[in-house]
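Listed below are the residues making up each chain.
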Amino acid sequence: MEKIVGLIDAPFTPFHPNGDVNLQPIEAYAAMLVKNGLKGVFINGSSGEGYMLTPAERMQLAERWVSVAPEGFKVIVHVGSCCLRESRQLAEHAQKIGAWGIGSMAPPFPHIGRIQELVEYCEAIASAAPNLPFYYYHIPAFNGAYLPMLDLLKAVDGRIPNFAGIKYTYESLYEYNQCRLYQDNKFDMLHGQDETILPSLAQGGAKGGIGGTTNYNGRELVGIIDAWNRGDIATAREKQNFAQAVINVICHYRGNIVGGKRIMKLIGFDLGPNRTPFRNMTDEEERQMRKELEEIRFFDRCNVF
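In the nomenclature of an unreviewed UniProt entry, the chain corresponds to N-acetylneuraminate lyase from the organism Hoylesella enoeca. UniProt's Sequence similarities (unreviewed entry) comment on the chain is quoted here verbatim: "Belongs to the DapA family."

See below:
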């Protein structure tokens, strides 16, 4: 099964001012990401407010991304839902329209508390799109599924034929590396935290990742990997520290989903508001965030169109 090399973006969902999904910007969105070195998208996930979209909206977004994706640009569709039947329908749809892959996090309700339950959940979804690679999206801060991922790999090995790997969005670089080493790097371990790309590379073996701040800071994050591959550790370290400085700013404004999405407006690509119950930034907060970004010279280094 093909493994991902490079960084995949977790895009925001564009909305009209009234809250309806806006499909129009997506073609330009994809072109911007390609220009800045991204290798694909993981749509309808946490950054995309996927759990706040209707199934019809999620399918429309998937169809649009697949239709405008340049050749070789991977479209992975997050199909996770609190309703397993809905997840299976979304997985079937993703395969039908020609998506590259699918993925799912554990549902936020009910909480999954055992590996066996998680395996059964993943198996039911993956089997609905047997021709696509399936990635488990490990983000326990969102769903309380603080389960050992090495145990998950052992449990799915030989049971779910299209289980490709894990999007690992958690702080344990030790566990991440142990999963990467399992059965001589059998599964694709996609690093999911933009703030620690360099340490994951330093452990020797990380090849791909999925990030949210790549939407507006992809050039610098791709640059970390490029510098590492050249053996330029000083540049890689500087770019990683800059990426953390950007993340420090968005943490002042309710994180990537809210603050990060507003940054897209500041760099000239307004994707509209967040859906309720997210608390959108005020105009004053936007002005203050711009000032903080200017102080770290963000606008000299951010993604370009």
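Peer 1: Explain the overall build of the chain to me, using residue names and the numbers behind them.
Peer 2: If you tally the helices and strands in the chain, you get 12 helices and eight strands. For 305 residues, the compact-globule estimate of 2.2 N^0.38 gives 19 Å, and the chain sits close to it at 18 Å. Its C-alpha atoms give the chain principal-axis dimensions of roughly 50 × 45 × 35 Å. A total of 305 residues make up the chain; the buried ones form 57% of that total. Split by element, the accessible area of the chain, about 12,800 Å² in all, is 51% carbon and sulfur.

Peer 1: Residues and numbers for the pairing of strand S7 (residues 188–191), please.
Peer 2: Here S7 shows no split at all, with Asp188 and Leu190 on one side and Met189 and His191 on the other all buried. Taken together, the four bridges between strand S6 (residues 163–168) and S7 define a ladder with parallel strand orientation. Across the sheet, Tyr168 pairs through a bridge with His191, a residue of S7. With respect to chirality, the unit in which S6 leads through helix H7 (residues 173–181) into the neighbouring parallel S7 is right-handed.

Peer 1: Would you mind going over the packing of helix H3 (residues 84–97) against helix H4 (residues 115–126) in detail, with residue names and values included?
Peer 2: When two helices pack together, their arrangement is given by the angle between their axes and by how far apart the axes lie. The contact between H3 and H4 brings their axes to 8 Å, and the two run at 40°. By the angle between their directions, the pair H3 and H4 is classed as oblique. Packed against H3, whose contacting residues are Leu84, Ser87, Arg88 and Ala91, the element H4 presents Tyr121, Ala124 and Ile125 at the interface. When its residues are assigned to classes, the contact of H3 with H4 shows five nonpolar, one polar and one charged.

Peer 1: Just give me the short version of the UniProt feature "active site" (unreviewed entry) in the chain, but keep the residues and values in it.
Peer 2: UniProt records the feature "active site" (unreviewed entry) at Tyr137 and Lys167, using the numbering of this structure. A maximum C-alpha distance of 4.7 Å is found for the annotated residues, which run over 31 residues; spatially they form one tight group. Mapped onto the fold, Tyr137 is located in strand S5 (residues 134–138). Ignoring any residue separated from it by four or fewer positions in sequence, one finds Tyr137 in contact with Phe42, Ser46, His78, Ser104, Met105, Ala106, Lys167 and Thr169. Of note, Lys167 is situated in strand S6.

Peer 1: Describe H7, and please don't skip the residues or the numbers.
Peer 2: If you check which residues of H7 are buried, you get Glu175, Tyr176, Asn177, Cys179 and Arg180. In the core, the buried residues of H7 are packed alongside S5, helix H6 (149–156), S6, S7 and helix H8 (197–202). After H7 finishes, the residue Gln183 shows a positive phi value of roughly 45°.

Peer 1: Tell me about the side chain of Glu49, residues and numbers included.
Peer 2: On the secondary structure map, Glu49 appears in the loop between strand S2 (40–43) and helix H2 (55–68). Here Glu49 falls in the buried class, since its relative accessible area comes to 2%. Those residues within four positions of Glu49 in sequence are excluded, and the remaining contacts are Phe15, Ile257, Lys261, Pro273, Asn274, Arg275 and Phe278.

Peer 1: So what's going on with the packing of aromatic side chains? Which residues, and what values?
Peer 2: Applying the stated criterion across every chain yields a total of 13 aromatic pairs. Arranged with centres 6.3 Å apart and planes meeting at 70°, the rings of Tyr216 and Phe298 form a pair that is edge-to-face. Highlighted residues: Tyr216 in helix H9 (residues 214–230) and Phe298 in the segment after helix H12 (283–295), separated in sequence by 82 residues. Each of the two residues, Tyr216 as well as Phe298, counts as buried. An aromatic cluster is defined as three or more aromatic residues linked by ring pairs; in this entry it consists of Tyr29, Trp65, Phe269 and Phe305. A cation sits over an aromatic face here: Arg301 above Phe242, 3.9 Å from the ring centre.

Rules used in this analysis
- For every chain, the first residue of the written sequence is number 1, and numbering continues from 1 onward in sequence order.
- It should be noted that, the model being predicted, local features are given only for residues of pLDDT at least 70 and side-chain atom pairs only at 80 or more, the latter also being counted only at that level, while totals for whole chains, interfaces and linings use all residues.
- For the side-chain quantities, the full set of heavy atoms in the structure was used; hydrogens and water were omitted.
- UniProt positions are given in the numbering used here, feature names are shortened, and annotations may be inferred rather than shown by experiment.
- The helix count covers DSSP runs of H or I at least four residues long, the strand count covers runs of E at least two residues long, and both are numbered beginning at the N terminus.
- We compute the radius of gyration from the C-alpha atoms alone; for a globule the expected value is 2.2 Å times N to the 0.38, where N is the number of residues.
- Relative accessibility under 20% of the residue-type maximum defines a buried residue, over 50% an exposed one, and the middle range a partly exposed one, all with a 1.4 Å probe and only protein chains included.
- Using the Shrake-Rupley algorithm and a 1.4 Å probe, accessible areas are obtained, with residue cover drawn only from the displayed protein chains.
- When DSSP finds two or more bridges between a pair of strands, those strands are recorded as paired.
- The crossover handedness rule: strands pointing away from the viewer, path from first strand over the helix to second strand clockwise, crossover right-handed.
- Each axis is a line fitted through C-alpha atoms, and for a helix only the stretch in contact is used; angles between axes span 0 to 180 degrees, taken between their N-to-C directions.
- With respect to orientation, any angle under 35 degrees is reported as roughly parallel, any angle over 145 as roughly antiparallel, any angle of 65 to 115 as roughly perpendicular, and every other angle as oblique.
- Note on definitions: a residue-residue contact is assigned when non-hydrogen atoms from the two residues lie within 4.5 Å.
- Each residue is assigned to one of three groups, with Ala, Val, Leu, Ile, Met, Phe, Trp, Tyr, Cys and Pro labelled nonpolar, Asp, Glu, Lys and Arg labelled charged, and all others, Gly among them, labelled polar.
- Stacked, tilted and edge-to-face pairs are distinguished by plane angle, under 30 degrees for stacked and over 60 for edge-to-face with tilted covering the rest, among Phe, Tyr and Trp rings (Trp via its six-membered ring) whose centres lie within 6.5 Å.
- Charges are assigned to positions over rings by a cutoff of 6 Å between ring centre and Lys NZ or Arg CZ, combined with an angular limit of 35 degrees from the ring normal.

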